[in-house]
Amino acid sequence: MTDRWAVTLTKAGRTKIRYPADLVADTGTRITVRAPWAAPGVRDFGFVRFEPGDVFTEHFWRDRWYAVKEVRTGGGVLKGWYCDITRPASVADRVILIEDLDLDLWVSADGSTVLRLDEDEFAESGLADTDPEAASRAVRALDALDAQARSTAGLSALLA
(Lines give C-alpha, C1' and ligand atoms only; values in the text may rest on other atoms or scores of the structure.)
Protein backbone atom coordinates (compact mmCIF):
# COMPACT_ATOMS: atom_id res chain seq x y z
CA MET A 1 0.00 0.00 0.00
CA THR A 2 1.38 3.40 -0.96
CA ASP A 3 1.05 6.67 0.86
CA ARG A 4 -0.50 8.91 -1.82
CA TRP A 5 0.09 12.67 -1.72
CA ALA A 6 -0.49 15.59 -4.08
CA VAL A 7 2.13 18.07 -5.25
CA THR A 8 0.86 21.51 -6.23
CA LEU A 9 3.21 23.94 -7.99
CA THR A 10 2.04 27.53 -8.16
CA LYS A 11 3.51 30.48 -10.02
CA ALA A 12 2.44 34.10 -9.66
CA GLY A 13 -0.56 33.03 -7.55
CA ARG A 14 -1.90 30.49 -10.04
CA THR A 15 -1.70 26.71 -10.04
CA LYS A 16 0.80 25.66 -12.69
CA ILE A 17 0.43 21.91 -12.18
CA ARG A 18 -0.97 19.48 -9.62
CA TYR A 19 -0.18 15.76 -9.64
CA PRO A 20 -0.27 12.68 -7.41
CA ALA A 21 2.93 11.36 -5.84
CA ASP A 22 3.90 8.54 -3.50
CA LEU A 23 5.60 9.40 -0.22
CA VAL A 24 9.16 8.04 0.01
CA ALA A 25 10.30 9.73 3.24
CA ASP A 26 9.58 12.65 5.55
CA THR A 27 12.30 13.76 7.96
CA GLY A 28 10.30 16.70 9.26
CA THR A 29 12.54 19.07 7.30
CA ARG A 30 12.72 17.33 3.92
CA ILE A 31 9.88 15.45 2.31
CA THR A 32 10.59 13.12 -0.61
CA VAL A 33 8.01 11.79 -3.04
CA ARG A 34 8.10 9.82 -6.28
CA ALA A 35 5.88 10.48 -9.27
CA PRO A 36 5.77 9.74 -12.98
CA TRP A 37 6.20 12.59 -15.47
CA ALA A 38 2.94 14.47 -14.93
CA ALA A 39 2.64 16.76 -17.95
CA PRO A 40 1.04 15.61 -21.18
CA GLY A 41 3.39 14.38 -23.90
CA VAL A 42 7.09 15.10 -24.28
CA ARG A 43 8.89 18.25 -23.13
CA ASP A 44 12.15 18.70 -25.00
CA PHE A 45 14.39 21.35 -23.45
CA GLY A 46 17.24 20.69 -25.89
CA PHE A 47 19.54 19.48 -23.11
CA VAL A 48 17.07 16.86 -21.79
CA ARG A 49 13.71 15.37 -22.71
CA PHE A 50 11.02 14.66 -20.13
CA GLU A 51 8.60 12.09 -21.45
CA PRO A 52 5.93 9.60 -20.45
CA GLY A 53 7.51 6.81 -18.42
CA ASP A 54 10.10 9.07 -16.74
CA VAL A 55 10.12 8.90 -12.96
CA PHE A 56 10.82 11.89 -10.72
CA THR A 57 12.05 11.48 -7.15
CA GLU A 58 11.37 14.91 -5.75
CA HIS A 59 12.89 16.44 -2.63
CA PHE A 60 11.16 19.41 -1.01
CA TRP A 61 12.41 21.28 2.04
CA ARG A 62 10.32 23.14 4.56
CA ASP A 63 13.27 25.45 5.32
CA ARG A 64 15.08 25.88 2.00
CA TRP A 65 14.29 27.90 -1.09
CA TYR A 66 14.53 25.07 -3.62
CA ALA A 67 13.30 21.64 -4.66
CA VAL A 68 15.52 19.02 -6.29
CA LYS A 69 14.05 16.47 -8.68
CA GLU A 70 16.06 13.40 -9.67
CA VAL A 71 14.90 12.34 -13.13
CA ARG A 72 15.17 8.76 -14.38
CA THR A 73 13.86 6.87 -17.38
CA GLY A 74 11.21 4.24 -16.74
CA GLY A 75 14.06 1.73 -16.96
CA GLY A 76 15.91 3.44 -14.11
CA VAL A 77 18.65 5.25 -16.07
CA LEU A 78 19.53 8.57 -14.45
CA LYS A 79 18.97 11.56 -16.75
CA GLY A 80 19.96 14.19 -14.19
CA TRP A 81 18.54 16.63 -11.67
CA TYR A 82 16.11 19.44 -12.31
CA CYS A 83 16.14 22.01 -9.52
CA ASP A 84 13.36 24.52 -9.02
CA ILE A 85 13.98 27.64 -6.99
CA THR A 86 10.87 27.97 -4.81
CA ARG A 87 9.73 29.32 -1.52
CA PRO A 88 10.05 26.70 1.24
CA ALA A 89 7.46 23.95 0.85
CA SER A 90 4.21 24.12 2.73
CA VAL A 91 3.06 20.64 3.75
CA ALA A 92 -0.41 19.85 5.14
CA ASP A 93 -3.14 17.25 4.67
CA ARG A 94 -1.03 15.16 2.26
CA VAL A 95 -0.46 18.15 -0.03
CA ILE A 96 2.95 19.64 -0.80
CA LEU A 97 2.54 23.22 -1.97
CA ILE A 98 5.45 25.04 -3.57
CA GLU A 99 5.67 28.43 -5.24
CA ASP A 100 7.91 28.54 -8.31
CA LEU A 101 10.15 31.62 -8.40
CA ASP A 102 11.21 31.16 -12.05
CA LEU A 103 14.88 30.29 -11.51
CA ASP A 104 15.95 26.71 -12.31
CA LEU A 105 19.09 24.63 -12.50
CA TRP A 106 19.74 21.54 -14.63
CA VAL A 107 22.53 19.10 -13.77
CA SER A 108 23.29 16.21 -16.14
CA ALA A 109 23.62 12.67 -14.80
CA ASP A 110 27.42 12.73 -15.01
CA GLY A 111 27.60 16.23 -13.50
CA SER A 112 29.47 17.63 -16.50
CA THR A 113 26.66 19.99 -17.53
CA VAL A 114 25.28 22.53 -15.05
CA LEU A 115 22.86 25.03 -16.58
CA ARG A 116 21.29 28.04 -14.89
CA LEU A 117 17.86 28.52 -16.45
CA ASP A 118 15.21 31.21 -16.72
CA GLU A 119 17.22 34.06 -15.22
CA ASP A 120 15.56 36.35 -17.77
CA GLU A 121 12.07 35.26 -16.62
CA PHE A 122 13.10 35.87 -13.02
CA ALA A 123 14.26 39.40 -13.86
CA GLU A 124 11.01 40.08 -15.75
CA SER A 125 8.85 38.72 -12.90
CA GLY A 126 9.36 41.90 -10.88
CA LEU A 127 9.97 39.93 -7.67
CA ALA A 128 13.02 42.09 -6.89
CA ASP A 129 10.65 45.07 -6.67
CA THR A 130 7.62 43.44 -5.04
CA ASP A 131 9.47 41.20 -2.57
CA PRO A 132 13.19 42.02 -2.48
CA GLU A 133 13.88 39.62 0.41
CA ALA A 134 12.36 36.68 -1.50
CA ALA A 135 14.27 37.67 -4.64
CA SER A 136 17.52 37.78 -2.69
CA ARG A 137 16.84 34.37 -1.12
CA ALA A 138 16.01 32.92 -4.54
CA VAL A 139 19.30 34.11 -6.04
CA ARG A 140 21.25 32.80 -3.03
CA ALA A 141 19.48 29.44 -3.34
CA LEU A 142 20.40 29.19 -7.03
CA ASP A 143 24.01 30.11 -6.25
CA ALA A 144 24.16 27.48 -3.47
CA LEU A 145 22.74 24.72 -5.68
CA ASP A 146 25.06 25.69 -8.53
CA ALA A 147 28.09 25.51 -6.20
CA GLN A 148 26.95 22.16 -4.77
CA ALA A 149 26.38 20.74 -8.26
CA ARG A 150 29.89 21.79 -9.33
CA SER A 151 31.54 20.41 -6.18
CA THR A 152 33.26 17.02 -6.12
CA ALA A 153 30.39 15.53 -4.10
CA GLY A 154 27.73 16.96 -6.45
CA LEU A 155 24.00 17.02 -5.73
CA SER A 156 24.08 13.41 -4.50
CA ALA A 157 25.66 14.63 -1.25
CA LEU A 158 22.76 17.02 -0.72
CA LEU A 159 20.25 14.21 -1.15
CA ALA A 160 21.98 11.55 0.93
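In this convention, every chain numbers its residues from 1, walking through the sequence in written order. pLDDT decides what is reported in this predicted model: residues at 70 or higher carry local features, side-chain atom pairs at 80 or more are listed and counted, and totals for whole chains, interfaces and linings draw on all residues regardless. Only hydrogens and water are set aside; all other atoms, that is, all heavy atoms of the structure, feed into the side-chain values.

### A closer look at the pairing of strand S10 (residues 95-108)
Our working definition: For each residue, the accessible area found with a 1.4 Å probe, counting protein chains only, is set against the maximum for its type, and the residue is called buried under 20%, exposed over 50%, and partly exposed in between. A run of H or I in DSSP becomes a helix once it reaches four residues, and a run of E becomes a strand once it reaches two; helices and strands are each numbered from the N terminus. Paired strands, in this sense, are two strands between which DSSP finds at least two bridges.
Extensive coverage of S10 is indicated by the burial of 11 of its 14 residues. Sheet topology note: the strand S8 (residues 78-86)/S10 ladder contains six bridges and is antiparallel. Bridging from a neighbouring strand, Cys-83 pairs with Leu-105 of S10. Summarising the sheet, strand S9 (residues 90-92) and S10 pair through three bridges and their orientation is antiparallel. The partner of Ser-90 across the bridge, within S10, is Leu-97. Counting the residues that bridge the hairpin from S9 to S10 gives two residues, and of these Asp-93 lies at a positive phi of roughly 50 degrees. Adjacent in sequence and paired antiparallel, S10 and strand S11 (residues 114-117) are bridged by five residues, among which Gly-111 carries a positive phi angle near 80 degrees.

### A word on the nonpolar core
Nonpolar side chains tend toward joint burial in soluble globular proteins. Put simply, the rule is: Joining through side-chain atoms within 4.5 Å is the link that ties buried Ala, Val, Leu, Ile, Met, Phe, Trp, Tyr and Cys residues into a set, and such a set is a nonpolar core. Only heavy atoms matter for contacts: two residues are in contact if any of them lie within 4.5 Å across the pair.
By size, the foremost hydrophobic cluster in this structure holds 24 residues, and its most contacted members are Tyr-66, Val-68, Ile-85, Leu-105, Leu-145, Leu-155 and Leu-158. Taken together, the elements giving at least two residues each to this core come down to strand S7 (66-72), S8, S10, helix H3 (132-150) and helix H4 (154-159). The greatest single-element share of this core, amounting to seven residues, is contributed by H3. Those residues in contact with Leu-158, other than ones at most four positions away along the chain, are Arg-30, Trp-61, Arg-64, Tyr-66, Val-68, Leu-145 and Gln-148. Membership of the second largest hydrophobic core comes to 13 residues, among which are Trp-5, Ala-21, Ile-31 and Ile-96.

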